[in-house]
Amino acid sequence: MKIGIVGGGVGGLTTALLLRKQGHEVTIFEKEEQLGGRLAFVKHGNFKIDEGPTIVLLPDMLLEILELAGIAKDDIQLIPCDPLYQIHYGDGTSFTKYKDEQKHLAEIEEVFPGEGAGYKKFLEVMKTRFALGKSAFLEKQFSSGKDFWTVENVKTLSKLKAYQSIHSMLDSFFSEEKLKQAYSLQTLYIGGNPLNTPAMYALVPYSEHAHGIYYLHGGYASLVEILKQKLVEEGITIKLSESVDHLIIKQNQVKGIQTNYGTYEFNAVVVNGDYPSMESLLPEIKRKEKSYTPSSGCVLLYMGLNKRYEDAPIHQFFLGGDFEKNMKEIFEEKVIPTDPAYYTFNPSVIDHTLAPNGKSVLYTLVPVPSGSHIDWSIEKENVKERILHSMEARGFPGVKDAIEWIEIRSPLEAKQSGLYEGGSFGIAPTLFQSGVFRPQIKRNNVRNLYAVGASVHPGGGIPIVLQGAKLLAQVIEKDMLELQEKRESEDVWAKR
């Protein structure tokens, strides 16, 4: 079959390789000059740093799916992060997370005396819930409601406490508010509010301890070059700087695509992009007029420094004095936080290939509201100054004077690049945008039209998007087999 893929993000690239393994002829269309989507580098001279994802989670899932796509595990150099990361609270308290259970228990008892038993209970309960959630939701796609609303799934949802927020679910394990923050802030990885994101997403902080946090040598975005080399090796056609104007739909079936260069016929089309953008590619009669809640946005500072902060961990979180107020300002009031939390990524502490000798790169992410109601052309500079001032006081002394290069991006640039409402992580992981409520892999009202990406089930994060690509390839294989059987049956009846 001839299959076209609209968008060259990591989901589209992995899908292409998996479909090629099935014997399909695949063509990728990417509107930008390079592949990778949000998995890219920001570069300046001899400085380079990851533009988007930085924390490698679920390493086994990542490596297994890439291996299915034809990439050897030895080609991916993962470096374990230990400690996992540090959290700095507004009152000056710091808490370090470790992969080693006994070391981490000792840290809990030192910083939060008496909370160790709750942590052990958390690990025990979440081990069971992780296995349940992975099997019931991450490894299944839901083409229709009946696929999701089974008796077994309803039981699983109850066991995962899906009706609770992750923050309130943690009441069962911890009494210290700061510890609850430490095990709910991970929803910010996917643009969700830690105070009301469903409890099923507690699988993320559990996974950090169970499976570890890793760094991909050379930067996470170096995965794109590995994928590209395999695409070329497999004979997959790649068309860069070619944007898709619309999909060609005839008799309720996708027949091809129209780009700024011409028309292409395909037996099936996969759209890899921020899901709501798919609607604009369809004829109006086929569009689903539905509003989505976007994820949070980010102000991102990319820096090249004339020094290294050798004592600063690769990953750190700096929280403000009132975490609940911070989250309310971002997700409810939709205003720039008065005392913002932020995350810092200091990869040069373990990877000297990203900057000239003796120098380093540094990345700071500040969660802010998505949407276009804030004038980011002005406000991003204000946010930059406040954050750099805080960084100097809380962990990176002299950082302002050390800056040789700095680049700032905001929800304005995110929206201009095609991200829904300027949200950095696809649509938000709310209860009614998860599982069966999330956009699905298969578009039921248009035959042979499929989707993959952070806004599509099973969700965001590089390994989860790869899992979506795996599910998609399985669905296409099943659909094509059914089509072949139907044609063979029709041929038999015709001969009779």
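Here, every reference points to the structure presented above.
What to know about helix α1 (residues 10-21)
Here is step 1 of the chain: Over its twelve residues, α1 extends 17 Å from the first C-alpha to the last, a length consistent with the 16 Å expected when each residue adds 1.5 Å.
Here is step 2 of the chain: Counting buried residues in α1 gives ten out of twelve residues, a clear majority hidden from the surface.
Here is step 3 of the chain: Just downstream of α1, Gly 23 is the residue with a positive phi angle, here 100°.

Some words on the packing of helix α4 (residues 116-138) against helix α9 (residues 203-211)
Here is step 1 of the chain: Taken N-terminus to C-terminus, the directions of α4 and α9 make an angle of 105°; their axes are 9 Å apart at the nearest point. As judged from the angle between their axes, α4 and α9 are roughly perpendicular. Here Tyr 119, Phe 122, Leu 123, Met 126, Lys 127, Arg 129, Phe 130 and Gly 133 of α4 lie close against α9, whose contacting residues are Leu 203, Tyr 206, Ser 207, His 209 and His 211.
Here is step 2 of the chain: Residue composition of the contact of α4 with α9, by class: seven nonpolar, four polar and two charged.

Topic: the pattern of salt bridges
Here is step 1 of the chain: Going through the model one piece at a time under the given rule, you end up with 19 salt bridges.
Here is step 2 of the chain: Taking the shortest distance from any N to any O, the salt bridge between Glu 310 and Arg 308 comes out at 3.7 Å.
Here is step 3 of the chain: Notably, a salt bridge pairs Glu 404 with Lys 359, separated by 2.9 Å at the nearest N-O pair. Remark: Lys 359 occurs in the loop between β16 (342-345) and β17 (360-368) and Glu 404 occurs in strand β18 (residues 403-409); sequence separation between them is 45 residues.
Here is step 4 of the chain: Judged by relative accessible area, Lys 359 falls into the partly exposed class, the value being 25%.

A word on a negative patch on the surface
Here is step 1 of the chain: Taken together, the side chains of Glu 177, Asp 322, Glu 324, Glu 332, Glu 333 and Asp 339 present a region of like negative charge at the surface.
Here is step 2 of the chain: Along the chain, the position of Glu 332 falls in the loop between α12 (323-331) and β16.
Here is step 3 of the chain: Note on Glu 332: relative accessible area 51%, which makes it exposed.

Some remarks on the packing of α1 against helix α10 (residues 222-233)
Here is step 1 of the chain: Remark: α1 packs on α10, axes separated minimally by 10 Å, with the N-to-C direction vectors making an angle of 30°. The angle between the axes of α1 and α10 places the two elements in the roughly parallel class. The interaxial crossing formed by α1 with α10 has left-handed handedness. Between α1 and α10, the residues in contact are Val 10, Leu 13, Thr 14, Ala 16 and Leu 17 and Leu 223, Val 224, Leu 227, Lys 230 and Leu 231, respectively.

Side note on the nonpolar core
Here is step 1 of the chain: Membership of the largest hydrophobic core comes to 123 residues, with the highest contact counts inside it found for Phe 122 and Leu 247.
Here is step 2 of the chain: Of all the elements, helix α16 (residues 462-495) adds the most residues to this core, at eleven residues.
Here is step 3 of the chain: Ignoring anything within four residues of it in the chain, the contact list for Phe 122 reads Leu 170, Phe 173, Phe 174, Tyr 183, Ala 202 and Tyr 206.

Looking at the packing of aromatic side chains
Here is step 1 of the chain: All chains considered together, the criterion is met by 25 aromatic pairs.
Here is step 2 of the chain: Between Phe 318 and Phe 396, the aromatic rings sit 6.5 Å apart at their centres with planes inclined by 55°, giving tilted as the arrangement. Of this pair, Phe 318 sits in strand β15 (residues 315-318) while Phe 396 sits in the loop between α13 (376-394) and α14 (399-402), and the two are 78 residues apart along the sequence.
Here is step 3 of the chain: According to the relative accessible area criterion, Phe 396 is buried, its value standing at 0%.
Here is step 4 of the chain: Clustering of aromatic rings is evident, with ring pairs tying together Tyr 85, Tyr 189, Tyr 215, Tyr 302, Phe 317, Tyr 343, Phe 345 and Tyr 363.
Here is step 5 of the chain: The ring of Phe 41 carries the charged tip of Lys 48 above its face, separated from the ring centre by 4.3 Å.
Here is step 6 of the chain: Directly above the ring of Tyr 183 sits Lys 97, whose terminal nitrogen or CZ lies 3.6 Å from the centroid.

Observations regarding the state of the cysteines
Here is step 1 of the chain: Going through the model one piece at a time under the given rule, you end up with zero disulfides.
Here is step 2 of the chain: The thiol of Cys 81 is not disulfide-bonded; the next cysteine sulfur, from Cys 298, is found 19 Å away.

So, the side chain of Ser 222
Here is step 1 of the chain: Relative to the helices and strands, Ser 222 is located in helix α10.
Here is step 2 of the chain: On the basis of relative accessible area, Ser 222 is assigned to the buried category, the value being 18%.
Here is step 3 of the chain: A distance of 3.4 Å separates a polar side-chain atom of Ser 222 from the backbone oxygen of His 217.
Here is step 4 of the chain: With residues near it in sequence (within four places) discarded, Ser 222 still touches Phe 41, Leu 216 and His 217.

As for α13
Helical geometry: 3.6 residues make up each α-helical turn, so side chains three or four residues apart lie on a common side.
Here is step 1 of the chain: Taking 1.5 Å per residue, 19 residues should reach 27 Å; α13 reaches 25 Å between its end C-alpha atoms and fits that length.
Here is step 2 of the chain: Summarising the contacts, the buried residues of α13 are in contact with β14 (297-305), β16, β17, α14, β18 and α15 (411-416).

Side note on unusual backbone geometry
Here is step 1 of the chain: Cis geometry marks the peptide bond from Asp 82 to Pro 83, where omega comes out at 10°.
Here is step 2 of the chain: With respect to the element layout, Pro 83 can be found in the loop between β5 (78-80) and β6 (85-88).
Here is step 3 of the chain: We note that Leu 58 has phi near 45°; this positive angle belongs to a residue other than glycine.
Here is step 4 of the chain: Mapped onto the fold, Leu 58 is located in the loop between β4 (47-50) and α2 (59-68).

Here's the deal with the side chain of Asp 479
Here is step 1 of the chain: Relative to the assigned elements, Asp 479 resides in helix α16.
Here is step 2 of the chain: Classification of Asp 479 by relative accessible area gives buried; the value is 11%.
Here is step 3 of the chain: Of note is the side chain of Asp 479, whose polar atom sits 2.7 Å from the side chain of Tyr 450.
Here is step 4 of the chain: Those residues in contact with Asp 479, other than ones at most four positions away along the chain, are Lys 442 and Tyr 450.

Conventions used here
- Residues numbered from 1 in each chain as written.
- Predicted model: local features only at pLDDT ≥ 70, side-chain atom pairs only at ≥ 80, totals over all residues.
- Heavy atoms only, no water.
- Helix = DSSP H or I, 4+ residues; strand = E, 2+ residues; numbered from the N terminus.
- Expected span 1.5 Å × (residues − 1).
- Buried < 20%, exposed > 50% of the residue type's maximum accessible area, 1.4 Å probe, protein only.
- Axes fitted to C-alpha atoms, helices over the stretch in contact; angles between N-to-C directions.
- Parallel < 35°, antiparallel > 145°, perpendicular 65-115°, else oblique.
- Contact = heavy atoms within 4.5 Å.
- Nonpolar A, V, L, I, M, F, W, Y, C, P; charged D, E, K, R; others polar.
- Salt bridge = Lys/Arg side-chain N within 4 Å of Asp/Glu carboxyl O.
- Patch = residues over 30% accessible without salt bridge, like charges linked within 9 Å, V, L, I, M, F, W, Y side chains within 5 Å.
- Areas by Shrake-Rupley, 256 points an atom, 1.4 Å probe, with all protein chains shown as cover.
- Lys, Arg positive; Asp, Glu negative; His and termini not counted.
- Charge placed at Lys NZ, Arg CZ, Asp CG, Glu CD.
- Left-handed = near helix turned anticlockwise from the far one by under 90°.
- Core = buried A, V, L, I, M, F, W, Y, C linked by side-chain atoms within 4.5 Å.
- Phe/Tyr/Trp six-rings, centres within 6.5 Å; stacked < 30°, edge-to-face > 60°.
- Lys NZ or Arg CZ within 6 Å of the ring centre and 35° of its normal.
- Disulfide = S-S within 2.5 Å.
- Polar contact = N/O pair within 3.5 Å; in protein donor to acceptor, adjacent residues only side chain to side chain.

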